[in-house]
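# Summary of the model geometry
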Amino acid sequence: MTAVEIAGRYRLESRLGFGGMSTVHLAMDLRLERRVAVKLLAEHLADDPAFVSRFQREAQAAARLVHPNIVQVFDSGRDERTDQYFIVMEYIEGASCAEILRDDGWVELAEALSIIEQACEGLHYAHRHGVVHRDVKPGNLLRAREGEVKLADFGIAKATEQSSITQIGSVLGTAAYLAPEQARGEEAGPSADLYALGVVTYQLISGRLPYEATSLTELALKQQQEQPPTLDTLVATVNPELADAVAVALALDPRDRYATAREMRRALSDGAKGVAPAERRAPARATPATQATSVLATGRPSSAPRGAVVARRPRPGPSRAKTPPVQAASSSTASARHGNSRLLGAVLALLALSLVVVAVVVITAPAPTKVVLRNVVYQDVQQATYALKKLVSENTQ
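Residues numbered from 1 in each chain as written. Predicted model: local features only at pLDDT ≥ 70, side-chain atom pairs only at ≥ 80, totals over all residues. Heavy atoms only, no water.

### Focus: the sheet that holds strand β7 (residues 94-96)
Note the cut-off: Should DSSP find at least two bridges between two strands, the strands are taken to pair. Strands are runs of DSSP state E lasting at least two residues, helices are runs of H or I lasting at least four, and both sets are numbered from the N terminus onward. Each axis is a line fitted through C-alpha atoms, and for a helix only the stretch in contact is used; angles between axes span 0 to 180 degrees, taken between their N-to-C directions.
Taken together, the three strands give an open sheet; going across it, the order is β7-β8-β9, and neighbouring strands pair in antiparallel fashion. One side of each edge strand has no neighbouring strand; the edge strands of this open sheet are β7 and β9 (149-151). Sheet twist, expressed as the average angle between the axes of neighbouring strands with direction ignored, equals 25°. Here β7 pairs with strand β8 (residues 141-144) via three bridges, running antiparallel. Each bridged residue has a counterpart across the sheet, and for Ala-95 the counterpart in β8 is Arg-143.

### A few points about the sheet that holds strand β6 (residues 84-90)
Selection rule: Here a residue-residue contact requires only that any non-hydrogen atoms of the pair lie within 4.5 Å.
A sheet is described by the order of its strands in space; here six strands give the open sequence β1-β2-β3-β4-β6-β5, paired in antiparallel fashion. Here the strands that pair on one side only, and so sit at the sheet edges, are β1 (5-6) and β5 (73-79). Across seven bridges, the pairing between strand β2 (residues 10-18) and strand β3 (residues 22-29) is antiparallel. Residue pairing in the sheet places Ser-14 in a bridge with Leu-26 of β3. On top of the sheet, helix α1 (residues 49-63) reaches β4 (34-41), β5 and β6; it is set at about 160° to β5, its chief contact.

### Considerations on the confidence of the model for the protein chain
Using the following cut-off: In predicted models, pLDDT denotes the confidence assigned by the predictor to each residue on a 0 to 100 scale.
The share of residues in the protein chain with pLDDT of 70 or more is 64%, and the mean pLDDT across the chain is 75. Long-range and interchain partners of residues 317-338, a stretch whose pLDDT sits below 50, account for nine contacts in this model, where long-range means more than four residues apart.

### Quick notes on the environment of Leu-268
Here Leu-268 shows up in helix α10 (residues 261-272). When near neighbours in sequence (up to four residues on either side) are disregarded, Leu-268 contacts Ile-116, Leu-242, Ala-245 and Val-246.

### Here's the deal with the side chain of Arg-257
Selection rule: Pairs of N or O atoms within 3.5 Å make up the polar contacts considered here, provided that, within protein, one atom can donate a hydrogen while the other can accept it, and that residues adjacent in sequence are counted only when both atoms are side-chain atoms.
Its location among the elements puts Arg-257 in the loop between α9 (240-249) and α10. Of note is the side chain of Arg-257, whose polar atom sits 2.8 Å from the side chain of Glu-181. Within the structure, Arg-257 has its side chain in polar contact with the backbone oxygen of Leu-252 (distance 3.1 Å).

### Thoughts on the pairing of β2
With two bridges joining them, β1 and β2 adopt antiparallel strand pairing. The residue of β2 that forms the bridge with Glu-5 is Arg-11. In textbook terms, the turn of a hairpin is the stretch between consecutive antiparallel strands, and for β1 and β2 this stretch comprises three residues, one of which, Ala-7, has a positive phi near 55°.

### Section: the pattern of salt bridges
Filter applied, for reference: Salt bridges are counted wherever a side-chain nitrogen of Lys or Arg sits within 4 Å of a carboxyl oxygen of Asp or Glu. Burial here depends on accessible area, computed with a 1.4 Å probe over protein chains only, as a share of the maximum for the residue type. Under 20% is buried, over 50% is exposed, and the range in between is partly exposed.
For the structure on display, the rule yields 17 salt bridges. A salt bridge links Glu-121 to Arg-262, with the nearest nitrogen and oxygen atoms 2.8 Å apart. One end of the pair, Glu-121, is in helix α3 (residues 109-128); the other, Arg-262, is in helix α10, and 141 residues separate them in sequence. With a relative accessible area of 32%, Arg-262 lands in the partly exposed category. The salt bridge involving Lys-137 is made with Asp-135; its shortest N-O contact spans 3.6 Å. Among the charged side chains, a network of salt bridges with common partners joins Arg-9, Asp-29 and Arg-34.

### With respect to unusual backbone geometry
Backbone geometry at Ala-7 places phi at a positive 55°, although glycine is not the residue there. For Ala-7, a relative accessible area of 40% translates into the label partly exposed. For Arg-134, which is not glycine, the phi torsion reads 75° and is therefore positive. Mapped onto the elements, Arg-134 comes out in the loop between α3 and β8.

This is the structure we're talking about:
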């Protein structure tokens, strides 16, 4: 079987993954002799002129993003022989977060935070350069074997979102990560990426989605009517401060989320250390939607019961150690010490008096006088008192 070549340069070797819009292949760049990942977009997209125009612009914008936490785009275009549009990217030897969730179900807290914090840095860089991802999800977060995390597929979502071809499978597959404004058909800005990353954070740590829906309509209704359980009610290793930091990213109103991806990273890092996120600006008009999900200056929302949409048992984790009643123990100990001090003072006074008596006897008694000495050191106070009395009696006879 003859190997398939794209653009006369990239020889396809094996398929790495596929979806409703594209198929990703491991390939060899014959010119530079290096392994690359080639994404072949679905053939039906080439029939949409609006998509072709937007794809070319967005692919060029994505290629200008050079950052350690962003998958580098090397090339893009259309293969004349197959009439397929392709994108050539750096090959990341590792696994996507979607594969990690599929195999393990959830990720340990420290590992999950490392993944999200690196993704925040990639998003911060892209947003500063005017590029919004619009499709942040576990499948687009790739973790190399060395632990480095990279965001993939910048620009592709924007190229397809206004396509005249309906992408039903793709929309339903990523509905859980769509910000409310995206679901309403509004223009998605950087804040929409932060919402999606908040959903990914929630899923990596707990093993479940904040809202589980099968359509955009169902998702919108759940967002308006239900409050997802906070992470500290699902995972024992999550403290309330970190749970609140994640909840800020999931605010329905974009104005109540973090201003930048870097601010989100700092809040998550601080939350893991027990530092509460900074107070968010309260919306001008409180609506049922924002009341249900926003974490504002008043703290945790109380309008909806916590844990209202728990779909399965919480993931186990080490329980937090309870602090013993130090104050009560200290009080009783102090009282005991005070009583012992008083008793010890009485014994010492008796001992001093005994020594005076013995001294007087020695001085006044006619010689020879026999002085009886005895070790009267006892652990028990009563025994010490009795021995002192006996010593005085023997020396005064």
